[in-house]
Amino acid sequence: MTTFIHNIKMVNEASELVTTSITIEEGKITAIGGEQPAHAQVIDGKGNLVAPGFVDVHTHLREPGFEHKETIATGTASAAKGGFTTICAMPNTKPVPDSIENMQLINGLIQDSAAIRVLPYGSLTKDISGEVRTNMEELKAQGAVAFSDDGVGIQLAATMYEQMKEAARIDAVVVAHCEDNSLIYEGVMHEGTRNKELGLPGIPSICESVQIARDVLLAEAAGARYHVCHVSTKESVRAVRDAKAAGIRVTAEVCPHHLLLEEMDIPSDDANWKMNPPLRAADDKDSLHAALLDGTIDCIATDHAPHTVEEKCCGMVGAPFGIVGFETAFPLLYTSFVETGKWTLKQLINWMTVKPSQIFDLPYGTLTVGASADLTIIDLNKEQTVDAEGFVSKGRNTPFNGWVAKGWPVLTMVEGKIAFEEVQ
Ligand SMILES: NC(=O)N[C@@H](CC(=O)O)C(=O)O
Ligand SMILES: [Zn+2]
């Protein structure tokens, strides 16, 4: 089958919008700017933006094990609605993808119900308990995109070092949630000003940064490729920046909420504002912006982390960490930072497509002839209020409810097949 999308605008290197067309055959882009082929299914892009489908390297789909929070079907439908076409699923499921059997089980579930491309992580340790190392070579052979114990930090340097050496040998990326358990102090939000006003226990910045500092030195010694999850503090940024300057193979991601919000924005003891790492201070947020712009931070990842309304009902203490992210990521970032002239549209798109793809050697995230037809069409003029009740995700846990934003995806395609289309 041939599909022809016309009357759409692509962003060029100078971040200008250029009207063009895209021809798709057998799931691949076969022409950009060509004539309409005979017998094509024709899609009118209505003058909207077309971008490569977004790539999210940090997501939680909850299935298997926590289907009351999200399933692969609802999570990927939510991602498609947000313009994502490839997502990497973190291993904090039940069971954990820590064996050939568990990896196969998860691959089967993905095959059965995913609306978009899902690339599962393998875990670094058995049951992400930080104790027994997994056989990463075996898991890689089963399709593990990279390795992480996301949700918890690897407490022992020796465990991390051994897995980094092995990752270097098999050319895999080690992806780290950095959190030193001896420095958490049962905190629920940033240890700063707002937690004291609300009378809530704080999580100090060093809890994250000291483990990043440790890990970049381990990565150097091991010769490993090392990617840092959800960087949130200025000290973490400095550790990554210094490591890059020293030639260490480190990359890093930042989440939309850490770019958009800070501790003082937290209105009350409301668990929809509880995530790990927490919203930090204003100068931390500023350093994350500077780090994205100077390349210290490589990409944006949502850390989509759905939980139930019941789990998030009753204040921060006792509630699980995490907020949903797929359906609001692009519009919020576009409205807050592109419309205001802080970033170019090209920068934002690159941080959500080609940059994350490069870190994991994924052949996605570009609109070029020969590439998989993974794309999203976005109405940059459409203005809409974020309404958690209307999310496709099972999760309602967002601090952005009621925000007004522009730039909503209206159609998402994976390998030339429509995965999401806005009903008119
Ligand atoms: N980010 C979160 O606050 N929560 C994530 C775990 C994680 O990404 O660390 C989750 O799985 O709920
Ligand atoms: Zn994490």
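Residues numbered from 1 in each chain as written. Chains lettered and ligands numbered in written order. Predicted model: local features only at pLDDT ≥ 70, side-chain atom pairs only at ≥ 80, totals over all residues. Heavy atoms only, no water.

**With respect to the state of the cysteines**
Part 1 of the argument: Tallied over the full model, the rule gives 1 disulfide.
Part 2 of the argument: Here C313 is linked by a disulfide to C314, with a sulfur-sulfur distance of 1.9 Å. Across the S-S bond of C313 and C314 the torsion is about -90°, and the bridge reads as left-handed.
Part 3 of the argument: A relative accessible area of 48% means that C313 is categorised as partly exposed.
Part 4 of the argument: Relative accessible area serves as the criterion here: at 59%, C314 is assigned to the exposed category.
Part 5 of the argument: As a non-bridged cysteine, C88 has C299 as the owner of its nearest cysteine sulfur, 9.7 Å distant.
Part 6 of the argument: A residue is classified by how much of its surface remains accessible, and C88, at 0% relative accessible area, is buried.
Part 7 of the argument: Of all cysteine sulfurs, the one in C178 lies closest to C229, which takes part in no disulfide; the gap is 7.5 Å. (Disulfide = S-S within 2.5 Å. Buried < 20%, exposed > 50% of the residue type's maximum accessible area, 1.4 Å probe, protein only.)

**Structural notes on the UniProt feature "binding site: Zn(2+) 1" (unreviewed entry) in the chain**
Part 1 of the argument: Per the UniProt record, "binding site: Zn(2+) 1" (unreviewed entry) is found at H58, H60, D150 and D303. The greatest C-alpha distance among the annotated residues, which extend across 246 residues, is 10.1 Å, indicating that they converge on a single site.
Part 2 of the argument: Here H60 lies in the loop between β6 (54–59) and α1 (72–81).
Part 3 of the argument: Residue classification places H60 among the buried positions, given a relative accessible area of 4%.
Part 4 of the argument: Here H60 is in contact with M90, N92, D150, D303, H304, A305 and P306, once residues within four sequence places are set aside. (UniProt positions renumbered as here; feature names shortened; annotations may be inferred. Helix = DSSP H or I, 4+ residues; strand = E, 2+ residues; numbered from the N terminus. Contact = heavy atoms within 4.5 Å.)

**What about the environment of R194?**
Part 1 of the argument: By the secondary structure assignment, R194 is in helix α5 (residues 194–198).
Part 2 of the argument: For R194, the contacting residues outside a window of four places in its chain are M189, E263, M264, I266, P267 and S268.
Part 3 of the argument: Of the polar contacts made by the side chain of R194, one reaches the side chain of E197; its length is 2.7 Å.
Part 4 of the argument: Among the polar contacts listed, one links the side chain of R194 to the backbone oxygen of I266, at a separation of 2.8 Å. (Polar contact = N/O pair within 3.5 Å; in protein donor to acceptor, adjacent residues only side chain to side chain.)

**Focus on unusual backbone geometry**
Part 1 of the argument: With an omega of 5°, the peptide bond between E63 and P64 qualifies as cis.
Part 2 of the argument: Of note, P64 is situated in the loop between β6 and α1.
Part 3 of the argument: Note that the residue after K94, namely P95, is joined by a cis bond; omega there is 5°.
Part 4 of the argument: Take P95: it is sitting in the loop between β7 (84–89) and α2 (100–113).

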